[in-house]
Structures are given as structure tokens and as C-alpha cells.
Amino acid sequence: MSAAQARQSGNTTYLELSQENGSAHKFYEVTVEGTSVSVRYGRIGVDGQRQTSSFPTVEKAQAAAAKKITEKVRKGYAPAVRGQRAARSVTRRQVTSAPSTARATAPVLWRFRTGASAFGIHVDEDRCWVGNQHGDVYNLSHDGEVLAHYSLPDGVKCLVADDFWIYAGCDDGRVYDLSAKVPFAAYDIASEVDIFWLDIHAGVLNVSDRSGGLTVIDHEDELQWSRNSSGEHGWMVRADGRAVYHGHGDGVTAYAADGARQLWHTRTNGDVLFGWQEEDAVYAGTARQVVQRLAKSTGVVEASYRCDAAVYSCATSPGGRYVFAGDSASSVYCFTADGTRLWKLGTGGGSALSMQYLDDRLYLVSTDGSLACVDASEAAIKAAQSGTVPVAADIKLAAALPTYAPLTTAASVATVSAVPAAGGGVVVECFEQGGRVRVRVVSEGYEPSWNVQFPRAIRQPGERYVVDALHSSEGGFYRVRGEIRRLV
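Source: prediction; values computed, not measured.

A. A look at the overall build of the chain. Each helix and strand counted, the chain has three helices and 43 strands in total. Whereas a compact globule of 488 residues would reach a radius of gyration of roughly 23 Å, the chain reaches 24 Å, a difference of no more than 12%. Oriented by its inertia axes, the alpha-carbon framework of the chain measures out at about 80 × 45 × 45 Å. Here the chain, with 488 residues, has 56% of them falling under the buried criterion. In the chain, of all internal contacts separated by at least 6 residues, the share reaching a separation of at least 24 is 50%. When the accessible surface of the chain is summed, it comes to about 20400 Å², and 47% of that surface belongs to carbon and sulfur atoms. Mean positive and mean negative side-chain charge positions of the chain (49 and 54 charges, respectively) differ by 4 Å.

B. Structural context of the confidence of the model for the chain. Per-residue pLDDT for the chain averages 88, and the proportion of residues at 70 or more is 92%. In this model, residues 416-423 is a region of pLDDT below 50 whose contacts with residues beyond four sequence positions or in other chains number seven contacts.

C. Up close: the pairing of strand β40 (residues 464-467). The sheet contact formed by strand β37 (residues 426-433) and β40 spans four bridges and is antiparallel. The residue of β40 that forms the bridge with V428 is Y465. Across three bridges, the pairing between β40 and strand β43 (residues 484-487) is antiparallel. Across the sheet, residue V466 finds its bridge partner in β43, namely R485.

D. Spotlight on the sheet that holds strand β12 (residues 165-170). On the basis of which strands lie adjacent, the open sheet formed by four strands has the order β11-β12-β13-β14 and antiparallel pairing. One side of each edge strand has no neighbouring strand; the edge strands of this open sheet are β11 (156-162) and β14 (184-188). Averaged over all pairs of adjacent strands, the angle between their axes in this sheet comes to 30°, without regard to strand direction.

E. Quick peek at the packing of aromatic side chains. Per the counting criterion, the structure on display carries 21 aromatic pairs. Between W129 and Y150, the aromatic rings sit 5.7 Å apart at their centres with planes inclined by 35°, giving tilted as the arrangement. Remark: Y150 occurs in strand β10 (residues 146-151) and W129 occurs in strand β8 (residues 128-132); sequence separation between them is 21 residues. Taking relative accessible area as the criterion, W129 reaches 6% and is therefore assigned buried. Residue Y150 is classed as buried on the basis of its relative accessible area, which comes to 6%. Sitting above the plane of the Y28 ring, K72 keeps its charged end 4.7 Å from the centroid. Its guanidinium or amino end placed over the ring of W165, R479 lies 4.1 Å from that ring's centre, counting from NZ or CZ.

F. Representation of the sheet that holds strand β15 (residues 195-201). Spatially, the four strands line up as an open sheet ordered β15-β16-β17-β18, and their pairing is antiparallel. The sheet is open, and its two borders are formed by β15 and β18 (223-228), each paired with just one other strand. Across the sheet, the mean angle from the axis of one strand to that of its neighbour is 15°, orientation sign disregarded. Across four bridges, the pairing between strand β16 (residues 204-209) and strand β17 (residues 213-217) is antiparallel. By the bridge assignment for β17, V207 is matched with T215.

The rules behind the values
- Residues numbered from 1 in each chain as written.
- Predicted model: local features only at pLDDT ≥ 70, side-chain atom pairs only at ≥ 80, totals over all residues.
- Heavy atoms only, no water.
- Helix = DSSP H or I, 4+ residues; strand = E, 2+ residues; numbered from the N terminus.
- Rg over C-alpha atoms; globule rule 2.2 N^0.38 Å.
- Buried < 20%, exposed > 50% of the residue type's maximum accessible area, 1.4 Å probe, protein only.
- Contact = heavy atoms within 4.5 Å.
- Areas by Shrake-Rupley, 256 points an atom, 1.4 Å probe, with all protein chains shown as cover.
- Lys, Arg positive; Asp, Glu negative; His and termini not counted.
- Charge placed at Lys NZ, Arg CZ, Asp CG, Glu CD.
- pLDDT = per-residue confidence, 0-100.
- Pairing = 2+ DSSP bridges.
- Axes fitted to C-alpha atoms, helices over the stretch in contact; angles between N-to-C directions.
- Phe/Tyr/Trp six-rings, centres within 6.5 Å; stacked < 30°, edge-to-face > 60°.
- Lys NZ or Arg CZ within 6 Å of the ring centre and 35° of its normal.

What follows is the structure, given as C-alpha cells:
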């Protein structure tokens, strides 16, 4: 089929690629308006990503559009009518939450209500992050001040960190980098992978899915390896430099970091619903009311932490000195390393779907959509057990709170000279290699063989961009930290 034959609706061409085996389910749309060519693409059933390019003449714009269409047709895309083919189904985690049976409530210092059930949390020395099922991600200080709001296209399944880069895995199949001034899609997971959980280490993304599969891709969104574990519903994946630890319906399986072999498999006491890791151990929270600590080296169960209902989340203090767990009955627990239960308290806001500990505070995100900061110090817990708890501050959004949506275009600058020479921008360029559009640094002082993790929505072969800041990664590539502007 030629590009001319593919044209279906005036100046707009709409194509789809949907394969019976489920390996592709996406669309590609090209619109020509005078000297402007707009492209929209993504999974069938969603609005997708957009990018627009300008050309000197109408003829050159039409030629560029024809080239794009021809390339897609060669790859198996065909003319279609938008809306006739249904979107690929996405699993949203369905959980139940009963009232707590604890006699006392946890000492919550502050609570921020996001407006929808929340699974995503990340807490570091500078900030707290929470992501909910409406696609909202909020950035807060440790005192509860809301600093920024990110509006993503779909529900947030989890938030993960890689050094000081923060990523949000969403129900639209994309993983968004939230580390720059505006978020952008850094990874686009294959449409046949129904994402349940994510982890990232040195730029390598590990994806655990509904069918018990494990998919590992690099910073350029290229498949490194994949495995099918023995159980379904993979709600746990954790990774370090040695291995990937995959929790599913049949226990926990550890694979070598390069995927060359299975290191061990341990059946847990119940389906794994959540996972945590320390340097030498992984912790699996299960449907049979227990958290189990497994040695990373052998998979041997070293300790068990018994709760009173299915475990939705768990975390530890540094080194595993204390182990925390949240259950389906809106309770939160603390254990010593050997499994002795120290306390059980009600959350005061639904069941904790994810949690993290930092500096005597336990941060929870819950079924009612709250991010809660619990005072987990010994004195505060003893006071709570006797019925004395602080009045939790109810955090409100600031009227002028900035909101950031994913990057789909880059602001233009006229010349390189417009960028400050000292401590200013870094010039990168897009180029084609092996049928893919990649990005490399052209400014001096950078390793020329390293690529750049860069917004997929604005990549155009031959175009150059100015980035405020790039940082090198131990994975042998660069990541964006600042504003992106297009050179014209």
C-alpha cells in the first residue's frame, strides 16, 4: 500500500496496528495543515502523545507526512476508523478495606487527601511523593506543605526512584520521569504487558505483570530479557545490582540481573501482594496475613511477621531493625527484626496500600486516597497505645499550586548563542539508528557514545535541543534534569 492509498480523511491519515497475538495494539495519526505536520500516536483507545513540526513550504510538509505514513504502512499499520476497535483492557487493582480492630489509632501528624485511592509513594530526604488512581501526583515537604501537582494521563500504579530520579508507572502503559521541570514519558511498556508493579535500578526498568511475567528493558526502552514465573499476579518486583526479585502468586523468584538464569525460587505462605527490600533481604507481604523475610543470597525464609489480615504493604527501618506492615483491615503493625510484634494501631484512614519509613516517621498511602505521616517514635507510639494521639493536621492545596502535565512539545530558541556559555545549556541531537530515533550529546565534555534518556514525544531525526542540565548515570547514559528547548 502506498502513502497516497493510506490517506483516508482529507488532510488527516489514521492508521492502526493490532495483532491477534496481542504484541501490538496502537494507532498513528498524521495531520497536514499548510506547512505544519502534526502526529498523534499511542495505544488504541487513549488520546496518546502529540508532536508538531513546521516546514518551509506546503510541498515539503506533504512530503514529510507521506514519508511518515509510508514508514508505518511498511511496519504493518493499516487504515482504520478511529473508535471502532476497542481499547486494550487495563487491570486496576481492586482492594477491600475493613475497619481496624485495633484499640488505638496511630499518631498521625498530618494527612493529605488526594481525592482517589492511592498506591504510589516515595519519600526521600527532601520530599514526599504520592500518586493516585486519577493520575494525580503531588510533591510535599516532610511537614506536609504541598509544593507541586503533576497531572498524568492515567492512574498511577506506583512511584519508584533511581538515585534522585523519580518515575511514575501509569495505567496507560507509560512510565513518566518526574525529575525535570515538567514530566515526560521515559518508557513505553509493550501493550501486551498488563503492568502490576515496577522497580528501576541504574536506568533498567523491571516490570511485573498480571500473568506472572517479568519484563526488563533499558533506558532506551529496548527489551533486555523477559521471564514467566510460576505464579500469576505479580504485585512485587525489586531489583539491585545482583538480581531481580519477582513476587507473584506462587512465591518469590530471583533471577540474575542479566536474565541468564534463575537463582532461586521460594514458595511463600500465600500469594505475594507487596514487596520491600534491604541490602541482604527481600520482604514479601502475603494474602495469608504474614510478611516473610527472605535472604537475597539463597531465598531461605529467615523470619515471619504475623498480622491479623491480608498484608497490603510493608516496609522497614534501615537495616531491617524494625519491620512495618499494613493490612486489609486498616491496621498498621511494627515488629522487631526477629518477628516479635511491638504494636498494632488503626490508620484512621483506610488500609495502607504502600508505605515507607524515614527518620522515625512512617508514611502511608491508603484506600481513601490519603498520604498520612505517622510519628513512629517510641514515645509517640507508647502515648498512642494509652489513647493519647496528636490532632492530625488536615493539609490543604495552595490556591496558586503549580500543575505540570507531560511534555509533548519543546519551547524553541533561535540560536545556540541564546544559551548561556557558562553553566548553561547542553546541546543534544536526535538521530536514527537501527530504525529507532535516539538522542546523543553534541556539546563538548560529554562521552560521545552515551545516549540520553529523553522525552519520546518530541524526538525528531535531525532536530537539536538545549537542555538546562544533564547528569550521567552508572548505567552509561545521560538523564535530563532541567528545561528542554528546541533549536531552530
